[in-house]
Each structure stands twice: as C-alpha cells, then as structure tokens.
Amino acid sequence: MLFWTYGFGIFFGALILLCGSTPINSVRRKFVLLLASLYFYARFDWRFPALLCFSAVANYAAGWMIATAPAAWRRRLALGLSVAFNLFLLGYFKYQGFFADSLQNLLAAAGLEVQLRTVETVVPVGLSFYTFRAISYVVDVYRGELVPCRRFLDWMTCLTFFPYLVAGPVVRPKEFLSQLDAPRHPPVYEADFAFALIVVGLFKKIVIANSLQHGLVEPVLADPFSYSRGLVLAATYGYAIQIYSDFSAYSDLAIGVALLLGFRTPDNFESPYRAQSLQEFWRRWHITLSTWLRDYLYIPLGGSRKGAWRTAANLFVTMLLGGLWHGARGTFVCWGAWHGLGLVVERQWLLPRRKAESHPAVRAVRTVMTFHFVCLGWVLFRAESLADAWDHLRALMLPRTVAVEPFVLPGLLWLLLAGSLAAQFLPSGLLQPVRERIRLWPAAAQGLLLGIILVLLRAAWPDGVAPFIYAGF
Amino acid sequence: MAQPPTYARLGYRSREVRLILAVAALVLLSLDSTGVADYAADLPAGAAGQAAQRLAGRLDAATSALGLDRPRLALHAWYLAVTSAREEPPVARPPAPASPAPVPLERPAPVPRAVTAPAPEPRYSTSRPLRVLFVGDSQVDRMESTLRAAFGDDPRIEFEVDSQIGTGLSRPDHRDWPAHMVNVLRAEPRDVVISFLCTNDPQNITEAEVVHKTLSPSWIAVYQRRLEAYLTAMDGVRHVYWIGLPRMKDQKLEHDIRILAQMHLEACRRHPNVTYFSSVPLTSASDASYTSRMVIRGRSTTIRSEDGMHFTKTGYRLIAGPLVERILDDTLRQGEAAAPSDEQDG
C-alpha cells in the first residue's frame, strides 16, 4: 500500500476516524494504531507482520533482561545476544545469497569449486529500518538512556508504527516512546505543517522523481553509449535529483502522516546538495541513518578518540557497513567505500587546511566539488554491477565514434532538473508564511485547497509510478 | 510586548483535521472519478469489491456526464505530452505518410500477408541490410544495449528500437500496439521484428466503459482479440520473434503471467512467420522455477533485478545470445541447419 494510492487514502481516512479525539496515550488509540500498522504491513505480504511481531517480542524481552540483570556481564550478554539476533534476521533474509555468492566466487578464484546452498527468501519490506530501530532500543536500554517499555502494547506500537515501517526515517524508540506516553487531551495537531509536507512529498515523488526517471534517467542510462556525453552527464545529474526527490519525498510523507496522527519526527533531509564538504553532506542526507551509524557504530568503534589512523579506519568501516546496509550488492559496498575514502581524505588532509571564513567563490567551488563527488558515488549506487558502473563512467568520458541517438529532452524536464538543483539553495521555511496565512482560513476552505492541489498532482500522475527506491532497502 | 501571531497559538482540533480531509476527499471524488473507478476495478473480486466497483462506476458516469473529469484529463494529456522525450532513430527513414489516420484496434489495416510458401531469403548486404526492429515495454529498454551488442557491428544489420515503458495489450489508451505496429511497418517495412511485450498485461481491461476483471472469461476474449490484432499487424514481416515471458518472483504475478504465456504461445502458432522464443529454459532454475541467480562460467551471478520481473544485464545476455544466433541462422546464415524449435514454456 503506497502513500499516493486511493487505497492508502481510504485506509488513512478510516484510521483518523477511528482515532477520533482520544488522547495520544490512550490504550484504545495505541491498539487502533497497532492493528492499522499490522494491516498496512500485511498488504505487502501477509507473512511480513509475523516476522515483525517475532522481532518485537524478542527485543522486548531483551530490553527487560538487560534492564533487570543483576550483574554487568549478564547485561552485556543479553545485549550481545539481542544485537546478534537482529543482525541474524538481517543476514538471513537479506544477505545470505550475497555472502554465499561472494564466498563461492572467492573460493572459485582460489581453484576450489564449491556449490553453496542458499535458501531463496523474500526480503521483508522495511526489514533494515525496523531492525535498526530495534537495535537502538536495546542499546539505549543498556546505556541507561531509556527505561524499557513497561507495556508491551507501547513497544509494539512503537516498532510497527506504519509511517516509518517501509522506508524510515530511522526514528529511535526513545524519540517515539516519550511522545506515546505524553498525556495530551484533547489532541491538537500541527495539521498545516503536515498537509504541506504531504503535498510537497507528493510533488517531489510524482512530478520530479517520476518524470526525471522515465523521461531522462532510464532511457539514457539504459544504453549510455547511444547518447552524447552531455546527455549522459544530464542523466547522471538527473539521477542525483531523482534519488533525492524520491527518498526525501517518502520522508516528507511519513513525517506528515505521523504528524496527523500526533507524532513529531526528526528531520531526515536538509538540502544535502548545498553541502560544502562530504562531512556536511552526511549531516544533511538521511540524517536519521547517519546519526544512527555515528551513535551505534562509529562511536562504539572508538570514534575519533584513538588517534588519526584509528579514526580513519572507523570512518571507513562505518561507511562501508552503511553501504552494505542498503542492499546485498557489491556496488553498494563500493559506494560505501567511496564515501568512506572521501571522508577519510577530507578529514585528515582537506578540512584541517580550510579557513573558517572563505570567499564565496571558494565556497561555491567546494559545493560543486562535493556535489560531483556524490554524483560519482551515485553511479555506483545505481549500477547493478561494477561492469555497469564502469560502462556509465566510460560513457561519461569517452568520445563517441558512432552516430548518437538524437534525443530532445523536453523543456519541462530541463526546468525540473535545474529547478530542483536551484531549490537546494533556497532558505528553509520558505513556505511558512504561506502556510501561516492559509492556517487562518476556515477548515472547509483549507480542505478545498488541499483537494484541488491533489487533483492537480493527479494530472501529473503517470500510469505507473515506480515504488520508492528506499523501500527496497 | 508584541503578541505572537494568532496562528502560533492555534493548533488543529481533530474535528478540523477530519473536516479538511473530508472536503479534500470530496473534491478528489468529484474531479477524479476516473481514478477512483480505476482503483475500484483493481479491488479483489467479492461482494465488497463489486459493490465498490458499482458505486465508483455510477460516480464516474455522473461526474463524466457533468464534465467534471475533463480538466484533470486534459491536464494529464498535456503533462504527458510535455514530459515525453522525443527520440528518433539515427538512420534516415523514407518520409512517413502525412498524418497516418489512427487505425481502429479490432480491424487494423492489414499489411500484405506473407504468402504461404515464404519467398527465399534475400542476400543481405550493406546496401540491402537486414532490418531488425525490437519492440516492447520496459524489458526492451533494459535489454536493448545487450541485444545490440549481441548482434555485433555487422554492417549488414540495421537495428532499431521502438519501446514504451508501462505499455502492453491491456492498455491501448497508453499505447495501442496493434495500430502502432501497422503504422510503423507501413512507414518502413522490416525483415525481422523482435517483440518483448506483455509483462504489464495482468491488469483489468476497460473497453467501452466496461471493466473486465483480469483473466475473467470476458477479459480473455478481449485480450485474445488484441493479441491476434497485434500479430496480424506483423503478418507482412518475414520473421517475427516473440520473446516468451520469463518466470516472475511474485507468485500471483507468476500465476497470471503463465496463463498469458500459454495464450501467446498458441497465438504465435497460428502465424507461420512468428517464432515463439521461450525465455523460461534460459533463465530459470534447473526445476524451471524462478531464480535470481545462476552459476555462469563457474561464478554465481545475479541474473534478475530486485523487482523480480526484469533482468540484470547478465540475465538479458542469457536470452540475447541464443536469440541472435537463431535470428542469424534464419536470415544471414540461410542454408545452415535451422535451430530446434523453442516452442516450450514452463
């Protein structure tokens, strides 16, 4: 069930009606939310909620074992077992084929022909997201930053909360549970902000990401040598905009929907392509995952506390695993390594030489360089194999020896491409004055405006909208 | 001290949220009843599904009669027109007839049908190249470069592609393939057409405001008529190769696709110029089931993309290699022993 379908509209409308005016922390509301989330998830595959519930039970028990264990070694053991359990789920459903293939190919290179047996499994949608949230729960309980949930219902509502289930954001349980417990009666909603996010999210997905994907990126990059280098470069930029629009659209929609249900969510994107360094890029891109990796992987590895080389190694490993988190494919690992290497070089050699106050031209050059470094990373991210990525890079660099396909990119797509890049540099909160004005309108007029905007977006609705890219992770 | 603006002190009560959503839903139902009817048509069969379809149908009829759906449809048509890239093949074409009239779906103007005893294969050369056209949906977009590479750079082969993502025989409103093929082949005849189409076809068909549920008897009747029209449109082509639909990861889709594949196979048999080239034996596990990986030259390699419908480049190579061999045997290498028939499907 995708956010832009009528099916979701009916589901969400019914949920709003069922929640009514009950306080956020009421048992009835939590129960309704839990059932709704399980129903939402079951629409992808009826087996998925079973695995999610299994994970919820195991992590709930682990939280209590960690909190109540009398000895430190027992607490550590319980934490270790629960983290191992979560990683096992990820490994079994998502990576077993990848690891078996890699091992098999490695052995074959050494002259050992071994046929490893793997089980063909369906990767549960959103598994990576809820597993990371579960890990942060047990780790936070272990660190004493979170009291384990007293009520199982609270924990289930938290882990299964449907707006975050499929493609994040990676909202930590401590951020969510504190809201679930707050007695707010009657509930008051920041609906203007929520509707604005939903409209912007739909625009990004339907108009920007979808149009660029079908009008530029897929046709050109499916056979890049048939097109001019300029067009391949435009398609490369197009993919950078497509993936940003696609993923940030999901975050906007998830945050908007959660807000209408009474829950605030941390920001997940902040104009990432305006970053002047890779470090800044990662503070602006998929913020909830970046901070998760920092707090639960980079810092426990030692962070920057153990010397320059160890810091470099920690950074590199964190990014490598962050790449692997995206999927069981060598190109994701290479993408992580590319960013890891970039961060290491930047941290050790470039950032220390930077002046705090620089000329605007220097800052612009930094932004352009960072953007292009990220774009080269997207080449790896998008490719199905290293050979495909290499083809893409060669198509960007090598002159054409045969006639290329004449390809006229519609003006509107150029406008979307350039406009989306330019929008990265707009100040945040640009729509706020408009929103505040509309907020003063009667509710029926606001509904009319929302309806008209949705109809306009429906006009741009293609016959088939691809699922969100990050829903595959 | 200045007072904070009014909005800063206001939150929305739940009844206001409900009212906003209700009004927005009403606007959507009024101005996008076609979209609602499309959604209802996809609901699973059953009392509730049928009731929803009846209700959506009535709503659609009422709002269409009032012309309420026209603004969105006009805007939709404009948007598709202004965002569609224009692609022209590099080879010079003879001038197309001025504004070819659209051909009705059921009775495409027949391109001269192949005579019963096929004429001998001409000797292909650079001045009389083998003209190959590859047509279909997103499978074609992804397979194009692989197939082009498999043909190599033989100057006696002229290779062109005509594809559109998300099309098939179920949605002539998106692209009417039978009529399209008549026009394309009338403008420029081809020696070989390779068709990789119909992955998107398991969906309801709407015709004359009647919704035919996927794979229902009425759906099959309409679909077979369209399939026949599509193949008839290519009767004048010397060799047509129909790439049979591969295994699908999704079980429901796989079930539907196998029924379609059987229909395709039977339809192809009725046209002597059409060869059904099954992709199933080339891209499935040893027990003919779906597999995402295969051992190729001793390496376990991913052959399917993550959606479980398309292939990776390696996967497309598995189909392209034998297919091109077969085509070259039938055309350029005339006189050599013909490859065994591929008329088998899981």
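Residues numbered from 1 in each chain as written. Chains lettered and ligands numbered in written order. Predicted model: local features only at pLDDT ≥ 70, side-chain atom pairs only at ≥ 80, totals over all residues. Heavy atoms only, no water.

Asker: Would you take a moment to explain the overall build of chain A for this structure?
Answerer: Helix and strand counts for chain A come out as 19 helices and 2 strands. Its C-alpha radius of gyration of 23 Å places chain A within 12% of the 23 Å reference for a compact globule of 473 residues. Projected onto its principal axes, the C-alpha positions of chain A cover 70 × 65 × 50 Å. Burial status across chain A gives 57% buried among its 473 residues. Considering only contacts in chain A between residues 6 or more positions apart, those separated by 24 or more positions represent 78%. Split by element, the accessible area of chain A, about 20000 Å² in all, is 68% carbon and sulfur. Of the charged side chains in chain A, 42 are positive and 27 negative, and the gap between their average positions amounts to 8 Å. (Helix = DSSP H or I, 4+ residues; strand = E, 2+ residues; numbered from the N terminus. Rg over C-alpha atoms; globule rule 2.2 N^0.38 Å. Buried < 20%, exposed > 50% of the residue type's maximum accessible area, 1.4 Å probe, protein only. Contact = heavy atoms within 4.5 Å. Areas by Shrake-Rupley, 256 points an atom, 1.4 Å probe, with all protein chains shown as cover. Lys, Arg positive; Asp, Glu negative; His and termini not counted. Charge placed at Lys NZ, Arg CZ, Asp CG, Glu CD.)

Asker: What exactly am I supposed to notice about the packing of helix H3 (residues 33–41) of chain B against helix H4 (residues 47–66) of chain B here?
Answerer: Each pair of packed helices can be summarised by the angle the axes make with each other and by the distance between the axes. Residue and element names in this part refer to chain B. Contact geometry for H3 and H4: axes closest at 9 Å, N-to-C directions at 160°. As the angle between them shows, H3 and H4 are arranged roughly antiparallel. The two elements H3 and H4 meet at a crossing, and its hand is left-handed. Counting all contacts with H3, which are made through Ser 33, Thr 34, Val 36, Ala 37, Ala 40 and Ala 41, the residues of H4 involved are Ala 52, Gln 53, Ala 56, Leu 59, Asp 60 and Thr 63. Here the contact of H3 with H4 is built from residues that sort into 7 nonpolar, 4 polar and 1 charged. (Axes fitted to C-alpha atoms, helices over the stretch in contact; angles between N-to-C directions. Parallel < 35°, antiparallel > 145°, perpendicular 65-115°, else oblique. Left-handed = near helix turned anticlockwise from the far one by under 90°. Nonpolar A, V, L, I, M, F, W, Y, C, P; charged D, E, K, R; others polar.)

Asker: Help me understand the environment of Val 374 of chain A in this model?
Answerer: Within the element layout of this structure, Val 374 of chain A appears in helix H15 (residues 360–382). Measuring from C-alpha to C-alpha, the distance between Val 374 of chain A and Tyr 298 of chain A comes to 21 Å, with 76 residues separating the pair along the chain.

Asker: Help me out: how do you make sense of the interface of chain B and chain A in this one?
Answerer: Accessible area lost on assembly of the parts is the figure often given for the size of an interface. Taken together, the 57 residues of chain B in the interface contact 68 residues of chain A. Both faces combined, the contact of chain B with chain A buries some 5700 Å², and carbon together with sulfur accounts for 58% of it. Where chain B meets chain A, there are 1 salt bridge. Put simply, Asp 32 of chain B and Arg 458 of chain A hold a salt bridge, and the shortest N to O gap is 2.5 Å. Here the element with the most residues in the side of chain B that touches chain A is helix H2 (residues 14–31) of chain B; it accounts for 12 residues. For strand S1 (residues 188–189) of chain A and strand S1 (residues 12–13) of chain B, the ladder comprises 2 bridges, and the chain directions are antiparallel. (Buried area = accessible area lost by both parts, 1.4 Å probe. Salt bridge = Lys/Arg side-chain N within 4 Å of Asp/Glu carboxyl O. Pairing = 2+ DSSP bridges.)

Asker: It is not clear to me how unusual backbone geometry should be interpreted in this structure. Could you clarify?
Answerer: Even without glycine at this site, His 286 of chain A takes up a positive phi of about 40°. Within the fold, His 286 of chain A resides in the loop between helix H11 (278–284) and helix H12 (287–301). Residue classification places His 286 of chain A among the buried residues on the basis of a relative accessible area of 0%. The phi torsion at Leu 215 of chain B lies on the positive side, around 65°, for a residue other than glycine. As for its position among the elements, Leu 215 of chain B is in the loop between strand S7 (210–212) and helix H8 (217–232).

Asker: It is not clear to me how H8 of chain B should be interpreted in this structure. Could you clarify?
Answerer: Each turn of an α-helix holds 3.6 residues, which means side chains three or four residues apart point in the same direction. Taking 1.5 Å as the rise per residue, H8 of chain B with 16 residues should run 22 Å; its terminal C-alpha atoms sit 22 Å apart, in good agreement. Along H8 of chain B, the residues classified as buried are Trp 219, Val 222, Tyr 223, Arg 226, Leu 227, Ala 229, Tyr 230 and Leu 231 of chain B. (Expected span 1.5 Å × (residues − 1).)

Asker: Just checking my understanding: could you explain the sheet that holds strand S8 (residues 239–243) of chain B for this structure?
Answerer: Backbone hydrogen bonds are what pair the strands of a sheet, in a parallel or an antiparallel way. Residue and element names in this part refer to chain B. Taken in spatial order, the 5 strands make up an open sheet running S4-S3-S5-S8-S9, and their pairing is parallel. The open sheet terminates on both sides in strands that have one partner only, identified here as strand S4 (157–163) and strand S9 (274–277). Across this sheet, the average inter-strand angle for adjacent strands is 20°, counted without regard to direction. The strands that helix H6 (residues 138–151) touches are strand S3 (130–136), S4, strand S5 (192–196) and S8; relative to S4, the one it contacts most, it runs at about 175°.

Asker: Hey, could you run me through helix H10 (residues 229–260) of chain A in this one?
Answerer: All names here are of chain A. Relative to the 46 Å expected for 32 residues at 1.5 Å per residue, H10 spans 46 Å between its end C-alpha atoms, a close match to the ideal helical length. Here H10 lies mainly inside the structure; 29 of its 32 residues are buried. Count one or two residues on from H10 and you reach Gly 262, which has phi positive near 100°.

Asker: What is the right way to read the packing of aromatic side chains from this model?
Answerer: Working definition: an aromatic ring pair is given by the centre-to-centre distance plus the angle between the planes. In total, this model carries 54 aromatic pairs over all chains according to the counting rule given. Centroid distance Phe 8 of chain A to Phe 12 of chain A: 5.8 Å. Interplanar angle 10°. Geometry classified as stacked. Of this pair, Phe 8 of chain A and Phe 12 of chain A both sit in helix H1 (residues 6–19), separated by 4 residues, roughly a single helical turn. Taking NZ or CZ as reference, Arg 382 of chain A lies 5.7 Å from the ring centre of Tyr 239 of chain A, over its face. Geometry around Tyr 12 of chain B places Arg 439 of chain A over its ring, the cationic atom sitting 3.7 Å from the centre. (Phe/Tyr/Trp six-rings, centres within 6.5 Å; stacked < 30°, edge-to-face > 60°. Lys NZ or Arg CZ within 6 Å of the ring centre and 35° of its normal.)

Asker: Can you help me understand the nonpolar core in this one?
Answerer: As a rule of thumb, soluble globular proteins bury nonpolar side chains together. Counting 153 residues, the largest nonpolar core has Leu 261, Phe 263, Tyr 273, Trp 285 and Trp 378 of chain A as the members making the most contacts within it. No other element matches H10 of chain A, which puts 17 residues into this core. Grouped together as the second largest cluster of nonpolar side chains are 60 residues, Trp 177, Val 193, Leu 231 and Val 324 of chain B included. (Core = buried A, V, L, I, M, F, W, Y, C linked by side-chain atoms within 4.5 Å.)

Asker: Honestly, the packing of helix H19 (residues 443–459) of chain A against helix H5 (residues 70–83) of chain B in this entry has me stumped. Any pointers?
Answerer: Axis separation between H19 of chain A and H5 of chain B bottoms out at 8 Å; the angle between their running directions is 45°. Considered as vectors, H19 of chain A and H5 of chain B are oriented oblique to each other. The segment H19 of chain A lies against H5 of chain B, with Val 455, Leu 456, Arg 458 and Ala 459 of chain A engaging Arg 72, Leu 75, His 76 and Tyr 79 of chain B. Split by residue class, the contact of H19 of chain A with H5 of chain B holds 5 nonpolar, 1 polar and 2 charged.

Asker: In this structure, what is going on with the environment of Cys 19 of chain A? I would like to understand it.
Answerer: All names here are of chain A. Inspection of the secondary structure puts Cys 19 in helix H1. Distance in space between the C-alpha atoms of Cys 19 and Leu 416 is 39 Å, their sequence separation being 397 residues. With near-sequence residues (within four places) excluded, Cys 19 lies in contact with Arg 29, Val 32 and Leu 261.

Asker: What is the right way to read the confidence of the model for chain B from this model?
Answerer: The predicted coordinates should not be examined in detail at positions where pLDDT is low. All names here are of chain B. In the predicted model, chain B carries a mean pLDDT of 78, and 82% of its residues have values of at least 70. Taken element by element, chain B is modelled with least confidence in helix H1 (residues 6–9), mean pLDDT 38, and with most confidence in S5, mean pLDDT 96. Low confidence marks residues 1–9, where pLDDT is under 50. Its contacts with residues over four positions away, or in another chain, come to 5 contacts. Overall fold confidence for the complex sits at a pTM of 0.71, while the interface term, ipTM, reaches 0.85. (pLDDT = per-residue confidence, 0-100.)

Asker: How do you make sense of the pairing of S4 of chain B when you look at a structure like this?
Answerer: Every other side chain in a regular strand lies on the same face of the sheet, so the side chains alternate between the two faces. All names here are of chain B. Across 7 bridges, the pairing between S3 and S4 is parallel. Pairing of Gly 136 across the sheet is with Ser 163, part of S4. At this point the chain moves from S3, through H6, to the parallel S4, and the crossover so formed is right-handed. (Right-handed = clockwise from strand over helix to strand, strands pointing away.)

Asker: I'm lost on a nonpolar patch on the surface in this one. Help?
Answerer: Residue and element names in this part refer to chain A. Residues Trp 309, Leu 341, Val 345, Trp 349 and Leu 350 make up a contiguous nonpolar surface patch of about 590 Å² in total accessible area. When residues of the nonpolar patch are assigned to their parent elements, the largest contribution, 4 residues, is made by helix H14 (residues 330–350). Tracing the backbone shows Trp 309 in helix H13 (residues 308–325). (Patch = residues over 30% accessible without salt bridge, like charges linked within 9 Å, V, L, I, M, F, W, Y side chains within 5 Å.)

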